[in-house]
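Chain by chain, the residues run as shown.
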Amino acid sequence: AAVGACNETKSQAIMKSRGWRFSYWKHLKALVEEQCTSPEAALAIAQAGLDKAYELFEFVSPDGSTVSYKEAMSKKASGKFETMVIKGNGKSKAEKLEVPYKGGTLSGQSLKDQAKKWVEYGTIEPSAGEAIIKCVDNPNWIKENSDRYFVLLGAGSAMGPLLVLLSIGANVIAVDLDRPNIWKRLIGLGRDSMGTLTFPVKADSTTLKTDEEIFESAGCNLFTDTPMIRDWLVDLYPNKPFTVGSYAYLNGALHVQVSLAMDGICRDLSEKRKNVSLAYLCTPTDLHLIPEEAYQASVQAYDEYKSKPYCMFLSMLSGGKFLRKNAQKPVPGKGGDFYLVNGISVAQGPNYALAKRMQHWRAIIARSKGCIVSSNIAPSTSTVSVVQNRTFAWAYEGMPYFKPYEIFAPETSNAVMSAILLHDLNDSSSSGNPKTHLANPNQLFSFGSFHGGVWRCAYEIDSIGEASVFLYFGRVAQPYVLAGGAVLAAGAAYFGMSS
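To start, this report covers the structure provided alongside it.

The rules we used
Residues numbered from 1 in each chain as written. Predicted model: local features only at pLDDT ≥ 70, side-chain atom pairs only at ≥ 80, totals over all residues. Heavy atoms only, no water. Core = buried A, V, L, I, M, F, W, Y, C linked by side-chain atoms within 4.5 Å. Buried < 20%, exposed > 50% of the residue type's maximum accessible area, 1.4 Å probe, protein only. Contact = heavy atoms within 4.5 Å. Helix = DSSP H or I, 4+ residues; strand = E, 2+ residues; numbered from the N terminus. Lys, Arg positive; Asp, Glu negative; His and termini not counted. Salt bridge = Lys/Arg side-chain N within 4 Å of Asp/Glu carboxyl O. Polar contact = N/O pair within 3.5 Å; in protein donor to acceptor, adjacent residues only side chain to side chain. Phe/Tyr/Trp six-rings, centres within 6.5 Å; stacked < 30°, edge-to-face > 60°. Axes fitted to C-alpha atoms, helices over the stretch in contact; angles between N-to-C directions. Parallel < 35°, antiparallel > 145°, perpendicular 65-115°, else oblique. Nonpolar A, V, L, I, M, F, W, Y, C, P; charged D, E, K, R; others polar. Pairing = 2+ DSSP bridges.

The subject of this paragraph is the nonpolar core. Membership of the largest hydrophobic core comes to 91 residues, with the highest contact counts inside it found for Leu-153, Leu-222, Leu-233, Val-244, Leu-278, Leu-323 and Phe-402. Beyond its immediate sequence surroundings of up to four residues, Val-244 is in contact with Val-151, Leu-153, Cys-266, Leu-269, Val-276, Ser-277, Leu-278 and Ala-279. Among the nonpolar cores identified, the runner-up in size contains 53 residues, and Ile-86, Ala-128, Ala-170 and Leu-208 belong to it.

In this structure, Arg-367 sits in helix H15 (residues 349-368). The side chain of Arg-367 sits in the buried core without any salt bridge; Asp-424 is the nearest counter-charge, 9.6 Å away. Polar contacts involving the side chain of Arg-367 include one to the main-chain carbonyl oxygen of Thr-436, which spans 2.6 Å. Those residues in contact with Arg-367 that sit more than four places away from it in its chain are Val-373, Ser-431, Gly-432, Asn-433, Pro-434, Thr-436, Leu-438 and Leu-444.

Pro-404 follows Lys-403 through a cis peptide bond whose omega is 5°. The residue Pro-404 is located in the loop between helix H17 (390-398) and helix H18 (410-426) in this model. For Lys-102, which is not a glycine, the phi torsion comes out positive at approximately 50°. Relative to the elements of secondary structure, Lys-102 occurs in the loop between strand E4 (98-101) and strand E5 (104-107). A positive phi angle, near 55°, is found at Asn-275, a position not held by glycine.

On to the packing of aromatic side chains, then. By the definition in use, this model includes 20 aromatic pairs. Here Tyr-149 and Tyr-237 contribute two aromatic rings whose centre-to-centre distance is 4.3 Å and whose plane-to-plane angle is 25°, an arrangement assigned as stacked. On the criterion of sequence distance, the pair formed by Tyr-149 in strand E6 (residues 149-153) and Tyr-237 in the loop between helix H11 (226-235) and strand E9 (242-246) is long-range, its members being 88 residues apart. Considering the side-chain rings of Trp-394 and Phe-473, the 4.8 Å spacing of their centres and the 70° angle between planes classify their relative orientation as edge-to-face.

A few words now on the packing of helix H2 (residues 20-35) against helix H3 (residues 39-56). Where H2 meets H3, the closest approach of the two axes is 7 Å, and the angle between their N-to-C directions is 135°. Viewed along their axes, H2 and H3 adopt a mutual orientation that is oblique. Contacts from Leu-31, Glu-34 and Gln-35 in H2 reach Ala-41, Ala-42, Ile-45 and Ala-46 in H3. Per-class residue counts for the contact of H2 with H3 are five nonpolar, one polar and one charged.

Strand order across the open sheet formed by three strands is E11-E13-E12, with antiparallel pairing between neighbours. The two strands at the open ends of the sheet, each matched to only one other strand, are strand E11 (287-290) and strand E12 (331-333). The sheet shows a mean angle of 40° between the axes of neighbouring strands, taken without regard to direction. Bridge count for E11 against strand E13 (residues 336-342) is four bridges, and the pairing is antiparallel. For His-288, the partnering residue across the bridge sits in E13 and is Val-341. Lying on the sheet, H2 is in contact with E11, E12 and E13; it crosses E11 at an angle near 35°.

Here it is, written out as structure tokens:
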């Protein structure tokens, strides 16, 4: 439906596709290429895709009744949430940007120096480095957030900015699942900070006398309470600027559903309230438009790596399946040639790709309507949910062999992405500002990218996984091989002397 808005031939190819689970990436690439033809095509495809999702998906109310998601979000909910506010009683708040990194903390000049090193190495784009440096040079972006409210959909997400925002004393509106253990943690974090935490409760807040009662009443369900959450947020803190971040993540098809739920809330808040901005964290394992400079860097890296014996051996052994060239031919369109990176990881599946693509669609549509949108690529991060998969954990250990990859700890990713978010909200020259000219709406994702090396690597990320695992085990085995060699050498020497 999305690509069919501009190209019926490509739409039919998708409908006739076989083996969708492993071929979906080709059609996603064709969709992005179609969006490159013109800004009008990019927006038409995005709108058609979201419209179809609203028509196809069903909303199941708590009473079991079912209507289309479009119909459910077209009217006010019958029930409503009450509001509770926790004001932190922490003793201090951060007055400057601080980034935990490799056992230390970067701030001021040391952070600016490190940002430049990341840029020079190719781990991040120059625009991301510039955003971080500007955040250092403008401490008021950290200090002065008393009038802004950050709505976090999926407040407890490992990749979300909750901890950073509370540390700088910001106002957080937390939306997360109605589970007492979740709210025990979130409320505890709020109390220990100098920020404020606003959240929905099912009961009158004045009747909640104990922590246990608060934990039991707090929270909501993005799946079944979507219209109620939207209504609550539309009326909350009138005239105050809201930044609405979509951070909830679930596995498989549930990720698509929760992304659509968040989209309905983002759509209505950005259209029914004034001073609303949107925030997203993009994944590096996706299809993105990239700067020509990043493309040229990947070409140069390929020329360097293709002659390395290890790379030559693996490429030949796999028949070209491993270590595929990252650089792709540019796509012509209105406004010039556009460069793509295919960061799709087929193993993540089409549900993941669709969930992230719907966020892209909303981002460019909202921006086209005058909304500031901060939507930047976050790096590969060693979150618990990722490294509990042993294969991913092993691959992460071997990836840095392929320059300029670097895998980041969650606390580092949270801090740098929060800095880029604050930059987008405060710097009028940011690509997220609708007044900044872009040749194509999808270039929104070309700037401020902290991709961790994906864009400038010699090879596509989906083709280095096995090679990275082999490298990891080779490194682990090396001491034993050396020790074994030493034992054999000693034994040979001993028997040589005996004879």
